[in-house]
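# Structural overview
Read off the chains here:
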Amino acid sequence: MLLEGSPLLRGGLFVGGWLLTSALAVIGLLQLGNGLLLDMTHASDHRTGLDLIGGGALIALGGRN
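Residues numbered from 1 in each chain as written. Predicted model: local features only at pLDDT ≥ 70, side-chain atom pairs only at ≥ 80, totals over all residues. Heavy atoms only, no water.

## Things to note about the overall build of the protein chain
When you go through the protein chain residue by residue, the secondary structure sums to 2 helices and 0 strands. Considering the protein chain as a whole, with its 65 residues, one finds that 3% of them fall into the buried category. Entry remark: accessible area of the protein chain is about 5,900 Å², with carbon and sulfur atoms responsible for 71%. (Helix = DSSP H or I, 4+ residues; strand = E, 2+ residues; numbered from the N terminus. Buried < 20%, exposed > 50% of the residue type's maximum accessible area, 1.4 Å probe, protein only. Areas by Shrake-Rupley, 256 points an atom, 1.4 Å probe, with all protein chains shown as cover.)

The structure is reproduced here in structure tokens:
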């Protein structure tokens, strides 16, 4: 990819596209998560327990290398 004509332009477009895609993914996840946000005043014990189990599972998966 970088060996053909104007490698700096191609590399810059690649990095710029990667950054734009990452930013859009983060914004999309934040918007989705904001819509799913549960206030503790509306949560039951059952839902709160599920949230804690799910959060623990995500932390466990994130800690693996």
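Moving on from the model shown.
## Remarks on a nonpolar patch on the surface
On the surface, Phe 14, Val 15, Trp 18 and Leu 19 cluster together into a nonpolar patch covering about 450 Å² of accessible area. Residue placement: Val 15 occurs in helix 1 (residues 7–35). What makes Val 15 partly exposed here is its relative accessible area of 43%. (Patch = residues over 30% accessible without salt bridge, like charges linked within 9 Å, V, L, I, M, F, W, Y side chains within 5 Å. Salt bridge = Lys/Arg side-chain N within 4 Å of Asp/Glu carboxyl O.)

No statement about biological role is implied by the geometric values presented.
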